[in-house]
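Coordinates in review
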2 protein chains.
Amino acid sequence: MTFGLGIDAGGTYTKLVAAAGSGKVLRRTRLATEPGRGARSFVARVAGAVGDLERGLGSRAAAACLALAGDVDQSSGGLRRSPNMAGLENFPIRSALSRALERPVAIHNDANMAAWGCYALELGRRYPSVVCVTLGTGVGGGLILDGRLVTGATGSAGEIGHMRVEAGGALCGCGGRGCLEAYAGKSGIMRIAAGVLGSGSYPRSRLNGCGDRLQPRHIASSARRGDPAARETWTRVGRALGAGLINIIYLFNPDAVVFTGGVSKAAPLFMGPVRRALRAETFRAPFGRVKLFVAKNADLGALGAAVYSLEN
Amino acid sequence: MTFGLGIDAGGTYTKLVAAAGSGKVLRRTRLATEPGRGARSFVARVAGAVGDLERGLGSRAAAACLALAGDVDQSSGGLRRSPNMAGLENFPIRSALSRALERPVAIHNDANMAAWGCYALELGRRYPSVVCVTLGTGVGGGLILDGRLVTGATGSAGEIGHMRVEAGGALCGCGGRGCLEAYAGKSGIMRIAAGVLGSGSYPRSRLNGCGDRLQPRHIASSARRGDPAARETWTRVGRALGAGLINIIYLFNPDAVVFTGGVSKAAPLFMGPVRRALRAETFRAPFGRVKLFVAKNADLGALGAAVYSLEN
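Residues numbered from 1 in each chain as written. Chains lettered and ligands numbered in written order. Predicted model: local features only at pLDDT ≥ 70, side-chain atom pairs only at ≥ 80, totals over all residues. Heavy atoms only, no water.

1. Some thoughts on the relation of the copies chain B and chain A
We apply this condition: Here the copies are superposed with least squares, the fitted atoms being C-alpha atoms of residues at a pLDDT of at least 70 in both. Here a residue-residue contact requires only that any non-hydrogen atoms of the pair lie within 4.5 Å.
Between the two copies, chain B and chain A, the superposition gives an RMSD of 0.1 Å; the rotation angle is 180° and the shift along the axis is 0.1 Å. Seen this way, the second copy is the image of the first under a two-fold rotation axis. Take the interface residues of chain B: 100% of them recur as interface residues in chain A, which is what a same-surface contact looks like.

2. Some details on the sheet that holds strand 7 (residues 105-109) of chain A
Residue and element names in this part refer to chain A. Note the following rule: Being paired, for any two strands, means DSSP has found at least two bridges between them. Here a strand is any run of E in DSSP of at least two residues, a helix any run of H or I of at least four, and the numbering for each starts at the N terminus. Interaxial angles span 0 to 180 degrees and are taken between N-to-C directions of axes, which are lines fitted to C-alpha atoms, for helices over the stretch in contact.
Reading across the sheet, the five strands line up as 3-2-1-4-7 and stay open at both edges, with mixed pairing between neighbours. Only two strands of the sheet have a single neighbouring strand rather than two, namely strand 3 (25-32) and strand 7. Adjacent strand axes in the sheet meet at a mean angle of 15° when their direction is disregarded. Sheet topology places strand 1 (residues 4-9) next to strand 2 (residues 13-19); six bridges connect them, and they run antiparallel.

3. Quick look at the pattern of salt bridges
Put simply, the rule is: Definition used for salt bridges: Asp or Glu carboxyl oxygen within 4 Å of a side-chain nitrogen of Lys or Arg. Note on classification: 1.4 Å probe, protein chains only; a residue is buried when its accessible area is under 20% of the maximum for its type, exposed when over 50%, partly exposed between these limits.
Considering all chains together, one arrives at 24 salt bridges over all chains under this definition. Note that A:Arg80 and A:Asp73 form a salt bridge whose closest N and O atoms lie 3.4 Å from each other. A:Asp73 gets classed as buried once you look at its relative accessible area, which sits at 14%. The closest approach of N and O atoms between B:Arg45 and B:Glu34, which form a salt bridge, is 3.5 Å. Linking B:Arg45 in helix 1 (residues 39-57) with B:Glu34 in the loop between strand 3 (25-32) and helix 1, this pair joins segments that are eleven residues apart in sequence. Residue classification places B:Arg45 among the buried positions, given a relative accessible area of 18%. Bridged by salt links that share partners, the residues A:Lys15, A:Arg28 and A:Asp299 form one connected network.

4. Focus on the sheet that holds strand 12 (residues 291-294) of chain B
Overall, mixed pairing links the five strands, which are arranged 10-9-8-11-12 (chain B) in an open sheet. At either margin of the open sheet sits one strand with a lone partner, and together these are strand 10 (148-149) and strand 12 of chain B.

5. Re the side chain of A:His162
Relative to the helices and strands, A:His162 resides in the loop between strand 10 (148-150) and helix 4 (181-184). Beyond its immediate stretch of four places on either side in the chain, A:His162 contacts A:Cys172, A:Cys174, A:Cys179, A:Glu181, B:Tyr250 and B:Phe283.

6. Observations regarding the interface of chain B and chain A
The test is simple: Once two parts are brought into contact, the accessible area they lose, counted with a 1.4 Å probe and summed over both, makes up the buried area. Any pair of nitrogen or oxygen atoms within 3.5 Å is treated as a polar contact; in protein, a donor-acceptor pairing is required on top of that, and neighbouring residues in sequence qualify only through side-chain atoms on both sides.
Counting residues at the interface gives 40 residues for chain B and 40 residues for chain A. On the chain B side of the contact with chain A, B:Tyr250, B:Leu251 and B:Phe283 bury the most area, a combined 20% of that side's loss. Counting every contact that joins chain B to chain A gives two salt bridges. Of the charged contacts in the structure, one is a salt bridge between B:Arg164 and A:Glu281, with a shortest N-O distance of 2.6 Å. At the junction of chain B with chain A, the criterion picks out 23 residue pairs in polar contact (both at pLDDT 80 or more).

7. Observations regarding the nonpolar core
In plain terms, the rule: Put simply, a nonpolar core is a bunch of buried Ala, Val, Leu, Ile, Met, Phe, Trp, Tyr and Cys residues held in one set by side-chain atoms that sit within 4.5 Å of each other.
Ranked by size, the top nonpolar core spans 110 residues in total, and within it A:Trp234, A:Leu245, A:Phe270, B:Trp234, B:Leu245 and B:Phe270 carry the most contacts. Apart from residues lying up to four places away in sequence, A:Trp234 is in contact with A:Ile189, A:Pro216, A:Ile219, A:Ala220, A:Ala223, A:Val263, A:Ala266, A:Leu269 and A:Phe270.

8. Things to note about the packing of helix 3 (residues 110-122) of chain B against helix 10 (residues 300-309) of chain B
Residues and elements named next belong to chain B. Condition: Between 65 and 115 degrees an angle is taken as roughly perpendicular, under 35 as roughly parallel, over 145 as roughly antiparallel, and anywhere else as oblique. Three residue categories are used. Nonpolar comprises Ala, Val, Leu, Ile, Met, Phe, Trp, Tyr, Cys and Pro, charged comprises Asp, Glu, Lys and Arg, and polar comprises the others, including Gly.
As a packed pair, helix 3 and helix 10 sit with axes 7 Å apart at the nearest point and diverge in direction by 75°. Looking at the two axes, helix 3 sits roughly perpendicular to helix 10. Of the residues in helix 10, those touching helix 3 at Asp-110, Met-113, Ala-114, Trp-116, Gly-117, Cys-118, Ala-120, Leu-121 and Glu-122 are Leu-300, Gly-301, Leu-303, Gly-304, Ala-305, Val-307 and Tyr-308. Class assignment for the residues of the contact of helix 3 with helix 10 results in eleven nonpolar, three polar and two charged.

9. As for helix 2 (residues 93-101) of chain B
Residues and elements named next belong to chain B. Our working definition: Note that the arc is computed from the directions linking the helix axis to the C-beta atoms.
For helix 2, the complete set of buried residues consists of Ile-93, Ala-96, Leu-97 and Leu-101. Projection of helix 2 onto a plane perpendicular to its axis shows the buried side chains occupying an angular sector of 120°, all on one side. Looking at the buried residues of helix 2, the elements they touch are strand 1 (4-9), helix 1, strand 4 (63-68), strand 6 (78-81) and strand 7 (105-109). Once helix 2 ends, the next one or two residues include Glu-102, with phi positive near 55°.

10. Comments concerning the pairing of strand 11 (residues 256-260) of chain B
All names here are of chain B. When you tally the buried positions in strand 11, you get five out of five residues, the bulk of the element. Both faces of strand 11 are covered, namely the face carrying Ala-256, Val-258 and Thr-260 and the face carrying Val-257 and Phe-259. Examined bridge by bridge, strand 8 (residues 130-135) and strand 11 share five bridges and lie parallel to one another. Bridging from a neighbouring strand, Thr-134 pairs with Thr-260 of strand 11. Where strand 11 lies against strand 12, four bridges are found, and the strand directions are parallel. Following the sheet pairing, Val-258 is matched in strand 12 by Phe-293.

11. Digging into the side chain of B:Glu159
Definition in use: For the purpose of charge, His is not counted, nor are the chain termini; Lys and Arg are scored as positive and Asp and Glu as negative.
Summarising the element assignment, B:Glu159 is placed in the loop between strand 10 and helix 4 (181-184). One buried charged side chain, B:Glu159, makes no salt bridge at all; its nearest oppositely charged neighbour is B:Arg81, positioned 7.1 Å away. Other than its neighbours up to four places away in sequence, B:Glu159 contacts A:Tyr250 and A:Phe283.

12. Observations regarding the packing of aromatic side chains
Residues and elements named next belong to chain A. Here is the rule we go by: Stacked, tilted and edge-to-face are the three classes applied to pairs of Phe, Tyr and Trp rings, where Trp contributes its six-membered ring and a pair requires centres within 6.5 Å; stacked means planes under 30 degrees apart, edge-to-face means over 60, and tilted covers the rest.
Taken as a whole and assessed by the stated rule, the structure comprises 15 aromatic pairs over all chains. When the ring of Tyr-127 is compared with that of Phe-293, the centres are 5.8 Å apart and the planes differ by 50°; the resulting orientation is tilted. A residue pair is termed long-range when its members are at least 10 positions apart, and Tyr-127 in the loop between helix 3 (110-122) and strand 8 (130-135) and Phe-293 in strand 12 (residues 291-294) qualify at 166 residues. We classify Tyr-127 as buried; its relative accessible area is 17%. The class for Phe-293 is partly exposed, based on a relative accessible area of 24%.

13. What about the state of the cysteines?
Quick note on the threshold: In what follows, a disulfide is any cysteine sulfur pair within 2.5 Å.
This model, assessed by the stated rule, comprises zero disulfides over all chains. Note on A:Cys132: no disulfide assigned, nearest cysteine sulfur contributed by A:Cys118 at a separation of 3.4 Å. Just so you know, B:Cys65 is unpaired, no disulfide at all, and the nearest cysteine sulfur is the one on B:Cys132, 15 Å from it.

14. Topic: the environment of A:Arg94
Relative to the elements of secondary structure, A:Arg94 occurs in helix 2 (residues 93-101). A:Arg94 gets classed as partly exposed once you look at its relative accessible area, which sits at 23%.

15. Re helix 8 (residues 267-279) of chain B
Residue and element names in this part refer to chain B. Rule in force here: Expected helix span is given by 1.5 Å per residue-to-residue step, counting one fewer step than there are residues.
The end-to-end C-alpha distance of helix 8, which contains 13 residues, comes to 17 Å, matching closely the 18 Å that a straight helix rising 1.5 Å per residue would cover. Residues of helix 8 that are buried: Ala-267, Leu-269, Phe-270, Met-271, Pro-273, Val-274 and Leu-278. On its buried face, helix 8 sits against strand 8, helix 6 (216-224), helix 7 (228-252), strand 11, helix 9 (284-289) and strand 12.

16. Re the packing of helix 1 (residues 39-57) of chain A against helix 2 of chain A
All names here are of chain A. Rule in force here: The sense of a crossing depends on the near helix, which, turned anticlockwise from the far helix by less than a right angle, makes the crossing left-handed and, turned clockwise, makes it right-handed.
Interaxial distance between helix 1 and helix 2 falls to 10 Å at its minimum, and their mutual angle equals 40°. Like other packed secondary-structure pairs, helix 1 and helix 2 cross with a definite hand, here right-handed. In this structure, helix 1 contributes Phe-42, Val-43, Val-46, Ala-47 and Val-50 to the contact, and helix 2 contributes Ile-93, Ala-96, Leu-97, Ala-100 and Leu-101. In terms of residue class, the contact of helix 1 with helix 2 is made up of ten nonpolar, no polar and no charged.

Function-wise, these values are silent; they only describe arrangement.
Given below as structure tokens:
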């Protein structure tokens, strides 16, 4: 059976998936990324994990694609910048992994591969133009136009987390102000929650006593139990996402927008405000057409990379 | 000689251009659009003008493309909505003109055809991904990605004038608040000028006594003569354009952005603030790559349509 290999490297874990073109998963595994050990170590450990996986399968992948959490440079075949994987920056990771695996390897931004997974697997290629919004620690994105991935002039297309939704607004990790990520990324959500719930500290009792390491999922579980302040937090997150989507839809006029990433599990809490924002636009054709989805699959980065490797 | 026919219908005039694929103009003419006389009259008058033009040339165009100032519906082959040409809305203008001209006719949004002109003629196809910003009464746009025109799911892609640059900001003609057009369209520029120059009225003496019908070009000529308030007006327009471009660049990562339309003649007055806004972004790869241009040709809508008709 022909299958592709998708490798999705994030700051903590690197996930490997062997999948058929249909998206059917044949085998998966993961390893610690440990970017601090450097790019050579990373390549050697990934190659070892691929060898183990293929021995287990008794078969060899026809192609491989590496999805990376960072700004991918297609000309050098490496990472220009990766806030969470600085140890892998400025190294020709594509050619090194290609030599180690003895086959061609493609590299892409992880949000772009998740977007391919949304387009090809979640939506079954029914919609030619798709925007994927990845909600996690940061806010990423990817664009499929007429069935083709948009990478942009420097491979940086789809960086929707840094589109501005509030001129001069909240400070973002990138140094800018008012970025979508500063409202819908993890620390942005927690900042909104702190502002809504009290004077800058989290009243733990209202958040179900989950201790020091509060996360968006705790705000979500409080909201599901009806806590008004937690619900208000998600309303504000939804308004920011709606403002970002309005700009994306005016520019790109997609058939579909798909939310993915861990924070997308809170979609029932923020989709109402998102839909209300889109409905208020008077330019009906693009806003009437676009359909909103929440991805069901949790590993679309690795899975999208596996499927993408087979066709490009 | 093979040539294409570009027909650019705006609220006041409809321009016809016969041009070779190289962009070389063989002949041009224009007629009053008079949308109030209805779509059937418009089609008949355009067909008459095409006949005159082709008799003058002694040759017949291989193909024709009609560029329309409004929201073009490819499925019906007509205009869904056109604020300045309501008389042409909801009529199958593509099939009617095709019958009248006895040849296939394509229809597209005028800003999209100007974008094709920017991509193919102004920039000579040197850059695969180009964003065109049309500055006139309104603010429009068009996108070329990897050498292909992006029309979007409903033909509405590139509506950059209604991207928000200021949440809850100035009221736009579309009913929204904070749209780019509300700062860089004609009435937006004049509103900024009124605010900068005095308490809501234009001090004519400082604007070179140009009477009641002040236009952005009058603010531009005052600014060129060093009037500080007029210069400040263009600085604010440039900041709004910079804010809009930041969002466009994060989303599409284009090789080039081209300004066109009548107000783009004021580019030397607003490009400084635009460039400063882009330089402030910390995400260097896309912002370091993008090049800014001002189109030299004034009729890129008709010319772009003529060239586009020959290849699509």
